[in-house]
Amino acid sequence: LPETNWEESWRDSYPPQPIGQQLIVLPYWLSDTDSEGRKKVILDPGLTFGTGAHPSTRMVMESMEQLVTPGARCLDLGSGSGILSIAALRLGAQSAIGVDIDPKAEDIARENAAYNDFGADRFDAVTGNVTEDTALMERLSAKRYDIVFVNIVADVIIGLAPVLGSFMDENTKVICSGILDVREEEVHQALTAAGLVIERTRAKEDWRSLVAGRAEK
């Protein structure tokens, strides 16, 4: 085998990734790359889920370009690296809260937010399970959010469906992703049963992403 600097060569696996019409995901060592007018989302890509490479994440970010409005308040359930919260802030959201069951994700998401110059006044990260932690649920549901991201897997989305309404007002949009095509109908039924209406579906490869709002009463 040729001599290789393995500590550095892994970085070749993380080139700049343009997503949608406005965003570009960059590893922190390429943060000075010319973005050609795109909004930069800078990450340490090796630490936790959420680098922008997966179709489920890309679909959420594409939907965000259409849904995030200046001053929006966002809640990211299953936030991982914090990529979706950071992208929302980059698109003009006022604030974002990332929630993950993995305590490592909390620190990593804060570090990634700092790479993008977003401090505690714009981004907060917490550890916990909203379906089991009553105190966390009460804290988060004390506010209403303009957009809720749920980029996890079908089973978790189905489990979260009954509590999503606690974070919503009549104009809130929920973007769900991480859904394999064979599970789409189950997720659709769970969201409908929870009082939501599916407004749009995106597809990439075997993955699906749904945008939902409150059903009219």
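The shown structure was predicted, so the numbers you read here are calculated from the model rather than taken from an experiment.

Topic: the packing of aromatic side chains
Line of reasoning, step 1. Inspection of every chain in the model, using the stated rule, returns 3 aromatic pairs.
Line of reasoning, step 2. Relative to F167, the ring of Y145 lies with its centre 6.3 Å away and its plane at 65°, an arrangement referred to as edge-to-face. Taken together, the positions of Y145 in the loop between α5 (134-141) and β7 (147-151) and F167 in the loop between α6 (154-164) and β8 (173-180) put the pair 22 residues apart, joining distant regions of the chain. Of the two residues, Y145 and F167, neither departs from the other in class, the shared state being buried.

Thoughts on the environment of S85
Line of reasoning, step 1. Assignment of secondary structure puts S85 in helix α3 (residues 83-90).
Line of reasoning, step 2. For the pair S85 and V182, spaced 97 residues apart in sequence, the C-alpha to C-alpha distance is 28 Å.

Observations concerning the environment of R110
Line of reasoning, step 1. The topology assignment puts R110 in helix α4 (residues 103-115).
Line of reasoning, step 2. Sequence spacing of R110 and G98 is 12 residues, and the spatial spacing of their C-alpha atoms is 9.2 Å.
Line of reasoning, step 3. Among residues more than four places away in sequence, those in contact with R110 are F123, D124 and A125.
Line of reasoning, step 4. A distance of 3.2 Å separates a polar atom in the side chain of R110 from a polar atom in the side chain of D124.

Some words on the sheet that holds strand β10 (residues 207-214)
Line of reasoning, step 1. As summarised here, the arrangement of the 7 strands in space is β6-β5-β4-β7-β8-β10-β9, forming an open sheet in which the pairing is mixed. Here the strands that pair on one side only, and so sit at the sheet edges, are β6 (123-127) and β9 (196-204). Put simply, the sheet's adjacent strands are angled 15° from each other on average, direction ignored.
Line of reasoning, step 2. Bridge analysis of strand β4 (residues 73-77) against strand β5 (residues 95-100) gives 5 bridges, and the strand direction is parallel.

Concerning the sheet that holds strand β1 (residues 17-19)
Line of reasoning, step 1. With mixed pairing, the 3 strands of this open sheet are ordered in space as β1-β2-β3. Because the sheet does not close on itself, it has two edges, and the strands there are β1 and β3 (39-43). Here the strands of the sheet are splayed against their neighbours by 25° on average, with no regard to which way each runs.
Line of reasoning, step 2. The pairing of β1 with strand β2 (residues 23-27) spans 3 bridges and is classified as antiparallel. Within the sheet, the bridge partner assigned to Q17 lies in β2 and is V25.
Line of reasoning, step 3. Set on the sheet, helix α2 (residues 55-67) makes contact with β1 and β2; between it and β1 the angle comes to about 50°.

Some thoughts on the side chain of D44
Line of reasoning, step 1. Along the polypeptide, D44 turns up in the loop between β3 and α2.
Line of reasoning, step 2. According to the relative accessible area criterion, D44 is buried, its value standing at 16%.
Line of reasoning, step 3. Once residues within four sequence positions are removed from consideration, D44 is found in contact with Y28, N112 and Y115.

Side note on α3
Line of reasoning, step 1. Counted residue by residue, α3 has 7 buried out of 8 residues, so it is predominantly covered.
Line of reasoning, step 2. What α3 keeps buried is the set I83, L84, S85, I86, A87, A88 and L89.

A short note on helix α7 (residues 184-193)
Line of reasoning, step 1. Taken as a whole, α7 has its buried residues at V187, A190 and L191. An end-on view of α7 places all buried positions within 95° of arc, on one side of the element.
Line of reasoning, step 2. Those residues of α7 that are buried are in contact with α6, β8, β9 and β10.
Line of reasoning, step 3. Once α7 ends, the next one or two residues include G195, with phi positive near 90°.

Criteria and thresholds
Residues numbered from 1 in each chain as written. Predicted model: local features only at pLDDT ≥ 70, side-chain atom pairs only at ≥ 80, totals over all residues. Heavy atoms only, no water. Phe/Tyr/Trp six-rings, centres within 6.5 Å; stacked < 30°, edge-to-face > 60°. Helix = DSSP H or I, 4+ residues; strand = E, 2+ residues; numbered from the N terminus. Buried < 20%, exposed > 50% of the residue type's maximum accessible area, 1.4 Å probe, protein only. Contact = heavy atoms within 4.5 Å. Polar contact = N/O pair within 3.5 Å; in protein donor to acceptor, adjacent residues only side chain to side chain. Pairing = 2+ DSSP bridges. Axes fitted to C-alpha atoms, helices over the stretch in contact; angles between N-to-C directions. Arc of directions from axis to C-beta.

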